[in-house]
Amino acid sequence: ISGDGFFVVRSGAQQLYTRAGAFTFDAAGQLTTPTGSVVQGWMAKNGVINANGALQDIQLPVGATLPPQATTTTTLGGNLSALPASTTWPLPTGTTAPTATTSITMYDQQGAPHAVSFTFTQTGANQWAMQPSENGTAIGSASTLTFGANGQLTAPTAPVTITPAWATTGITVDMGAGATGITQYGGASTVSAQSADGSAAGSLQSFTVSPDGAVVGVFSNGLKQPLAQVALASFTNPEGLTKTGNSSYTTSANSGTPQIGVAGTGTLGQLNSGMLEMSNVDLAQEFTNLIVAERAFQANAKIITTSDSVLQDLVNLKQTP
């Protein structure tokens, strides 16, 4: 903790406070200290955390899933390379109109993926037709795009709507407008489907802890969602806390009552994952670990030396007349 805050943990029915953040998840999915105390905070409900509610045990929802989300909007962007402005329309026999195609994955209500393509075909001076399709079958009628002399999109000025057979509602296709929309400048065609909402169902794969103490789940569909929020406590006089052992403390008349909050607010400080705070390092344990590591290295070195000696004896036996 890079501030004055303390983690709040529960040991039985007793609420304790510690700055030692070496936490792990136990077999039940509870976030615990090395001594088994359960870290306190707030659990998320549908990705929303109420930090004003009562403290709860933080428990990783093993097997949690995110329901699928149907696609409702997609965004197209890039450039369309047109024929020279001097080209006469309709095109002379043997002249092929420029085309450009891009595709993107969309999802229905059950989370099934659908590859939807958008084909742009020049139909006139500063004019293109955009035809959406799926598996070679057109989705509705083509939309007409009009560009000004400066190559910027002048129509449509609002997103168009397509309705695939599997969609329960229309899906908006935003092509922008002006300099921020699809353009018709000189050069290669770079038009592309830039984004689309919606997703397949996802299962919890891993998690991260952000500086504000939020435990964020990473799901198999690539989405992230808050799972819990670690609570921190501050005291008017932290020196007045009473030691209970194992780097834990309890309140006393001198410490004052705990002020519970979220990391990053007030003087609580932010959380830094993967770091050790010097005041919480157990020197005896660290020296023990050092000795164990040293003895392991010595044992491995001895094995290598012995193996080398045996091999040398074998070489010498072979060379003996």
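Our subject in this report is the structure included herewith.

What counts, and where the lines are drawn
Residues numbered from 1 in each chain as written. Predicted model: local features only at pLDDT ≥ 70, side-chain atom pairs only at ≥ 80, totals over all residues. Heavy atoms only, no water. 1 Å grid on protein atoms, 1.4 Å probe; cavity = no way out; pocket = protein on both sides within 12 Å on 5 of 7 lines; lining within 4 Å. Points joined across faces, edges and corners; volume = space filled by probe spheres on them. Helix = DSSP H or I, 4+ residues; strand = E, 2+ residues; numbered from the N terminus. Patch = residues over 30% accessible without salt bridge, like charges linked within 9 Å, V, L, I, M, F, W, Y side chains within 5 Å. Areas by Shrake-Rupley, 256 points an atom, 1.4 Å probe, with all protein chains shown as cover. Salt bridge = Lys/Arg side-chain N within 4 Å of Asp/Glu carboxyl O. Buried < 20%, exposed > 50% of the residue type's maximum accessible area, 1.4 Å probe, protein only. Phe/Tyr/Trp six-rings, centres within 6.5 Å; stacked < 30°, edge-to-face > 60°. Pairing = 2+ DSSP bridges. Axes fitted to C-alpha atoms, helices over the stretch in contact; angles between N-to-C directions. Core = buried A, V, L, I, M, F, W, Y, C linked by side-chain atoms within 4.5 Å. Polar contact = N/O pair within 3.5 Å; in protein donor to acceptor, adjacent residues only side chain to side chain. Contact = heavy atoms within 4.5 Å.

Our focus in this paragraph is the layout of surface pockets. As a volume, the second largest pocket reaches approximately 150 Å³. Lining the second largest pocket are 13 residues; nearest its centre among them are Asn46, Gly47, Thr65, Leu66 and Gln225. Put simply, the parts of the chain that give the lining of the second largest pocket at least two residues each are strand 7 (65-66) and strand 21 (224-234). Broken down by element, the lining of the second largest pocket gets its largest block of residues, 3 residues, from strand 21.

Let us look at a nonpolar patch on the surface. Together, Val310, Leu311, Leu314 and Leu317 line one region of the surface with nonpolar side chains, adding up to about 410 Å² of accessible area. Relative to the helices and strands, leucine 314 resides in helix 1 (residues 283-319). Under the relative-accessibility criterion, leucine 314 is labelled exposed at 51%.

Looking now at the packing of aromatic side chains. Summed over the entire model, instances satisfying the criterion amount to 5 aromatic pairs. For the pair phenylalanine 7 and phenylalanine 23, a centre-to-centre distance of 4.9 Å together with 80° between the ring planes defines the contact as edge-to-face. Taken together, the residues span a long stretch of sequence, with phenylalanine 7 in strand 1 (residues 6-11) and phenylalanine 23 in the loop between strand 2 (14-18) and strand 3 (24-25) at a distance of 16 residues. Judged by its relative accessible area of 7%, phenylalanine 7 falls in the buried class. Members of the aromatic cluster, connected to one another through ring pairs, are Phe6, Tyr17, Phe235 and Tyr249.

Attention shifts here to the sheet that holds strand 16 (residues 171-174). If you walk across this open sheet you meet the 4 strands as 15-16-8-18, and the pairing is mixed. One side of each edge strand has no neighbouring strand; the edge strands of this open sheet are strand 15 (160-162) and strand 18 (192-196). For this sheet, the mean inter-axis angle between neighbouring strands, taken without regard to orientation, is 30°. Across 4 bridges, the pairing between strand 8 (residues 73-77) and strand 18 is antiparallel. Bridge pairing in strand 18 links threonine 74 to alanine 196.

For soluble globular proteins, nonpolar side chains are generally found buried alongside one another. Phe118, Phe120, Leu145, Met175 and Ile182 are the most contacted members of the largest nonpolar core, which totals 24 residues. Residue assignment for this core shows that the elements contributing at least two residues are strand 9 (99-107), strand 10 (113-124), strand 11 (127-134), strand 13 (143-147), strand 15 and strand 16. Counting residues in each nonpolar core, the second largest holds 15 residues, with Phe7, Val215, Val230 and Leu232 among its members.

Time to look at the pairing of strand 22 (residues 242-245). Sheet topology places strand 22 next to strand 23 (residues 248-250); 3 bridges connect them, and they run antiparallel. Considered in strand 23, the bridge of threonine 242 is made with threonine 250.

Looking now at the side chain of glutamine 122. Its location among the elements puts glutamine 122 in strand 10. Using a relative accessible area of 4% as the deciding quantity, one classes glutamine 122 as buried. From its side chain, glutamine 122 meets the backbone nitrogen of leucine 83 in a polar contact 3.0 Å long. Ignoring any residue separated from it by four or fewer positions in sequence, one finds glutamine 122 in contact with Ala82, Leu83, Trp89, Ala97, Pro98, Gln127, Trp128 and Gln184.

Once that is clear, we can look at unusual backbone geometry. Note that the residue after tryptophan 89, namely proline 90, is joined by a cis bond; omega there is 0°. A cis geometry characterises the amide bond from alanine 155 onward to proline 156, with omega recorded as 0°. Relative to the assigned elements, proline 156 resides in the loop between strand 14 (152-155) and strand 15. A positive phi angle is found at asparagine 126, which is not glycine, with a value near 60°. Tracing the chain through its elements places asparagine 126 in the loop between strand 10 and strand 11. With a phi close to 55°, asparagine 135 is a non-glycine residue in the positive phi region.

What follows deals with the pattern of salt bridges. Taken as a whole, this structure holds 1 salt bridge when the rule is applied. For arginine 10, the salt bridge identified is with aspartate 57, shortest N-O distance 2.8 Å. Highlighted residues: arginine 10 in strand 1 and aspartate 57 in strand 6 (residues 56-57), separated in sequence by 47 residues. We classify aspartate 57 as partly exposed; its relative accessible area is 23%.

Within the element layout of this structure, alanine 214 appears in strand 20 (residues 214-219). If near-sequence neighbours (up to four positions away) are discounted, alanine 214 is found in contact with Thr208, Val209, Ala228 and Gln229.

On to the environment of serine 255. Secondary-structure assignment places serine 255 in the loop between strand 23 and strand 24 (259-262). Between the C-alpha atoms of serine 255 and threonine 75, which are 180 residues apart in sequence, the distance is 56 Å. Not counting the four nearest positions on each side in its chain, serine 255 is found in contact with Phe235, Thr236, Asn237, Gly240 and Leu241. Only 3.0 Å separates the side chain of serine 255 from the backbone nitrogen of serine 252, close enough to count as a polar contact.

Read these as geometric descriptors, not functional statements.
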